[in-house]
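Structural overview for review
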Amino acid sequence: MRRRVTAPLRCRVAILMYHRVFETSSDPWELCVSPKHFAHQLELLRRSYPVLSLQQLLSALKTRQLPKRAVVLTFDDGYADNLWNAKPLLEKYELPATVFVTGASLDSLSEFWWDELERILLQPGKRPKRLHLNVCGRAYNLETTNLEERMIAYMALHNILQPLRSTERDPIMDELFAWAALDPTGRADYRSLATDELIQLAQSEWVDIGAHAVTHPFLSVMSPEDQSAEIVGSRKKLEDILGNCVDAFSYPYGNFSAETVRIVAAAGFVTALTTDDRAVRAGENPLQLGRFGVGDWDGDRFKHCLDKFFYS
Ligand SMILES: [Zn+2]
């Protein structure tokens, strides 16, 4: 007789991936959850689901005893709003989270390149009708007359620019700012954490800090040496600032190869998180844990999505 498999299904953990707690109307990758919705989501979690720290999840994985329908909270990139908007709510609802910080973005006055691209192409204002651009020897001609065309251009350019090294991408971003006649200085509410803000965030008993590489690269296309410099370098930078061990990693863009996983393990990380939509099961490789992106959802939609996550 076949046994029903519903019991083990329930013993799965959903790791949630946030980026920003911030209110905006232009958010092509759904990286932002408004402070109001974030509070509703935490209230629901507090009431109805066990929320584990990443450390607690790793201990549970070791003993192969995952709790039923538990949740882990994570943030990627290291936006300053994680301190100003997320931390007070995590403390209010007494829920733990791990924030993965991009090393080179600390104290930067520039926005992340995907936010710069959003400002250049999707924010209101006059733009030229066409964009001619050369990237790595290839010429691109994009129509940019209206918002619809600019959204298509945004998506095309995002795909073109994403796998580039920051040294290759930075001159192109300069060119794009000049094309749009915009000042490259970043918007204040799009900035990353400053070093003193990172220290303040890490002081919370509800927040752990993890590494997210130095320059947020597409790791799988890099040489092993360069991957190692990114992975080890981000760990060292954060440990030097915080004075404690940083042993959790999150793959930028969720991008990694078997080589990347090997380098992350050799660098001493005990866990690494992907962006694969997959709940954590007993026996899972801690260096390839799946996560679910959370959108700007109200409590009802959040609950509906969460209940589906446990079966993914
Ligand atoms: Zn990221």
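Preceding this paragraph is the structure being described.
Residues numbered from 1 in each chain as written. Predicted model: local features only at pLDDT ≥ 70, side-chain atom pairs only at ≥ 80, totals over all residues. Heavy atoms only, no water.

1. Remarks on the overall build of the protein
Let me state the cut-off plainly: Put simply, DSSP H or I for four residues or longer makes a helix, DSSP E for two residues or longer makes a strand, and each gets a number counted from the N terminus. In this treatment the radius of gyration is a C-alpha quantity, and the globule benchmark scales as 2.2 Å times the residue count to the 0.38 power. A 1.4 Å probe rolled over the protein chains alone gives each residue an accessible area, and that area as a share of the maximum for its type sets the label: buried under 20%, exposed over 50%, partly exposed in between. Should any heavy atoms of two residues lie within 4.5 Å, those residues are counted as being in contact. Computed with a 1.4 Å probe, the accessible areas rest on the Shrake-Rupley method; for each residue, only the protein chains presented here act as cover.
Secondary structure assignment for the protein yields eleven helices and twelve strands. For a compact globule of 312 residues, the expected C-alpha radius of gyration is about 20 Å, and the protein comes in at 20 Å, within 12% of that figure. By its C-alpha atoms, the protein is 65 × 50 × 45 Å across when sized along the principal axes. Evaluated residue by residue, the protein yields a buried proportion of 52% over its 312 residues. Considering only residue pairs separated by 6 or more positions, the protein has 70% of its internal contacts joining residues 24 or more positions apart. About 14500 Å² of surface is accessible on the protein, with carbon and sulfur atoms providing 51% of the total.

2. Some remarks on the state of the cysteines
The line we're drawing: Here, the term disulfide refers to a pair of cysteine sulfur atoms separated by no more than 2.5 Å.
Under the definition given, this model contains zero disulfides. The cysteine C32 is free of any disulfide, with C305 supplying the nearest cysteine sulfur at 17 Å. By relative accessible area, C305 is classed as buried at 9%.

3. Re empty space enclosed by the protein
Definition in use: Residues are called lining when one of their atoms sits within 4 Å of a cavity or pocket point, these points coming from a 1 Å grid over the protein atoms alone, where a cavity is a set in which a 1.4 Å probe fits but cannot get out and a pocket is an open set with protein on both sides within 12 Å along at least five of seven lines. Grid points are joined across faces, edges and corners, and a volume is the space filled by probe spheres set on the points. Under the convention adopted here, Pro, Cys and the residues Ala, Val, Leu, Ile, Met, Phe, Trp and Tyr are nonpolar, Asp, Glu, Lys and Arg are charged, and Gly plus all remaining residues are polar.
Using the criterion set out here, one finds one cavity of 30 Å³ or more in the structure. In this structure, the largest cavity spans a volume of roughly 90 Å³. Lining the largest cavity are 13 residues, and of these S26, D27, P28, D115 and Y190 sit closest to its centre. Among the elements that take part in the lining of the largest cavity, helix α5 (residues 113-122) stands out by supplying three residues, more than any other. Split into classes, the residues belonging to the lining of the largest cavity amount to seven nonpolar, two polar and four charged.

4. Overview of the pairing of strand β5 (residues 70-77)
What counts here: Note: two strands are recorded as paired if DSSP finds a minimum of 2 bridges between them. Whether a crossover is right-handed depends on one test, that the path from the first strand over the helix to the second runs clockwise when the strands point away from the viewer.
β5 sits mainly inside the fold: eight of its eight residues count as buried. In this structure, strand β1 (residues 13-18) lies alongside β5, joined through six bridges in parallel fashion. Residue pairing in the sheet places L16 in a bridge with L73 of β5. Direction of pairing for strand β4 (residues 51-52) relative to β5: parallel, over a ladder of two bridges. For V51, the partnering residue across the bridge sits in β5 and is V71. The parallel pair β4 and β5 is bridged by helix α3 (residues 54-62), and the resulting crossover is right-handed. As paired strands, β5 and strand β6 (residues 97-101) are joined by five bridges and run parallel to one another. Along β6, the bridge assignment pairs T74 with T98. For the handedness criterion, the β-α-β arrangement of β5, helix α4 (residues 81-93) and β6 is classed as right-handed.

5. Brief notes about the packing of aromatic side chains
Given two aromatic rings, one states the distance between the centres and the angle between the planes to describe the pair. Short version of the rule: Between the rings of Phe, Tyr and Trp (Trp by its six-membered ring), a pair exists once the centres lie within 6.5 Å; its type follows the angle of the planes, with under 30 degrees stacked, over 60 edge-to-face, and the other angles tilted. Any Lys NZ or Arg CZ that is within 6 Å of a ring centre and within 35 degrees of that ring's normal is treated as a charge sitting over the ring.
Summed over the entire model, instances satisfying the criterion amount to 15 aromatic pairs. With centroids separated by 6.1 Å and ring planes inclined at 15°, the aromatic side chains of Y49 and F310 adopt a geometry described as stacked. Here the residue Y49 occupies a position in the loop between α2 (35-48) and β4, and F310 occupies one in the segment after α11 (299-309), the gap between them amounting to 261 residues. Take Y49 and F310: they sit in the same class, and that class is buried. Centroid distance F292 to F309: 4.2 Å. Interplanar angle 10°. Geometry classified as stacked. Residue F292 is located in strand β12 (residues 292-293), and its partner F309 is located in helix α11; the two are separated by 17 residues in the primary sequence. Using a relative accessible area of 11% as the deciding quantity, one classes F309 as buried. One cation-aromatic arrangement involves R20 over Y190; the distance from NZ or CZ to the ring centre is 4.6 Å.

6. Notes on unusual backbone geometry
Residue R64 is not a glycine yet carries a positive backbone phi of 55°. When you line up the elements, R64 lands in the loop between α3 and β5. Overall, R64 belongs to the exposed group, its relative accessible area being 57%. Its identity is not glycine, yet A181 carries a phi of approximately 55°, on the positive side. Secondary-structure assignment places A181 in the loop between α7 (166-180) and α8 (195-202). Since its relative accessible area comes to 68%, A181 is described here as exposed.

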